[in-house]
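# Summary of the model geometry
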Amino acid sequence: KNTVFSQGDEKGIYKLIVMHFLACCSDDAKGELTTVKVQLGEIFTASGLVIFERNWLEVYHPWEKWTGSVIPKFSKGQEFEPTLLKLE
């Protein structure tokens, strides 16, 4: 057998191809990205991602991930008073 891949590599590549095909046949993932801009002398920005339906992400992990911080749902123009300001 003349190949540039070892036996383990072939198995991993085959798995990647199969998972990619199955992910293509799956429904789109559904999520919502929220970005909040707060002006307190200067503008601070926070964003968070909430995933409602993982769909193809369930099939295609660990090659693709949707990750993010969860923040409360805000409406455009909504006002709020922050209880903590933390700079990281």
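This report concerns the structure included in the present document. (Residues numbered from 1 in each chain as written. Predicted model: local features only at pLDDT ≥ 70, side-chain atom pairs only at ≥ 80, totals over all residues. Heavy atoms only, no water.)

### Here we look at the environment of Glu58
With respect to the secondary-structure elements, Glu58 resides in helix H2 (residues 56–60). Placed 29 residues apart in sequence, Glu58 and Ala29 show a C-alpha to C-alpha distance of 9.1 Å. Of the polar contacts made by the side chain of Glu58, one reaches the side chain of Arg54; its length is 2.9 Å. (Helix = DSSP H or I, 4+ residues; strand = E, 2+ residues; numbered from the N terminus. Polar contact = N/O pair within 3.5 Å; in protein donor to acceptor, adjacent residues only side chain to side chain.)

### A short note on a nonpolar patch on the surface
On the surface, Leu40, Phe44 and Leu85 cluster together into a nonpolar patch covering about 290 Å² of accessible area. Structurally, the position occupied by Leu85 is in the segment after H2. Owing to a relative accessible area of 62%, Leu85 belongs among the exposed residues under this scheme. (Patch = residues over 30% accessible without salt bridge, like charges linked within 9 Å, V, L, I, M, F, W, Y side chains within 5 Å. Areas by Shrake-Rupley, 256 points an atom, 1.4 Å probe, with all protein chains shown as cover. Salt bridge = Lys/Arg side-chain N within 4 Å of Asp/Glu carboxyl O. Buried < 20%, exposed > 50% of the residue type's maximum accessible area, 1.4 Å probe, protein only.)

### Notes on the pattern of salt bridges
What the rule picks out here adds up to one salt bridge. For Glu58, the salt bridge goes to Arg54, with nearest N and O atoms at 2.9 Å. Relative accessible area serves as the criterion here: at 46%, Glu58 is assigned to the partly exposed category.

### Notes on the packing of aromatic side chains
One pass over the structure, following the stated rule, counts two aromatic pairs. With 6.1 Å between their ring centres and 50° between their planes, Trp56 and Tyr60 make a pair best called tilted. In this pair, Trp56 and Tyr60 both sit in helix H2, four residues apart, roughly one turn of the helix. Ring centres of Phe74 and Phe80 lie 5.2 Å apart, and the angle between their planes is 45°; on these two criteria the pair is classed as tilted. (Phe/Tyr/Trp six-rings, centres within 6.5 Å; stacked < 30°, edge-to-face > 60°.)

### Concerning unusual backbone geometry
Positive phi, close to 40°, is recorded for Asn55, a residue that is not glycine. Relative to the helices and strands, Asn55 resides in the loop between strand E2 (42–53) and H2. Since its relative accessible area comes to 26%, Asn55 is described here as partly exposed.

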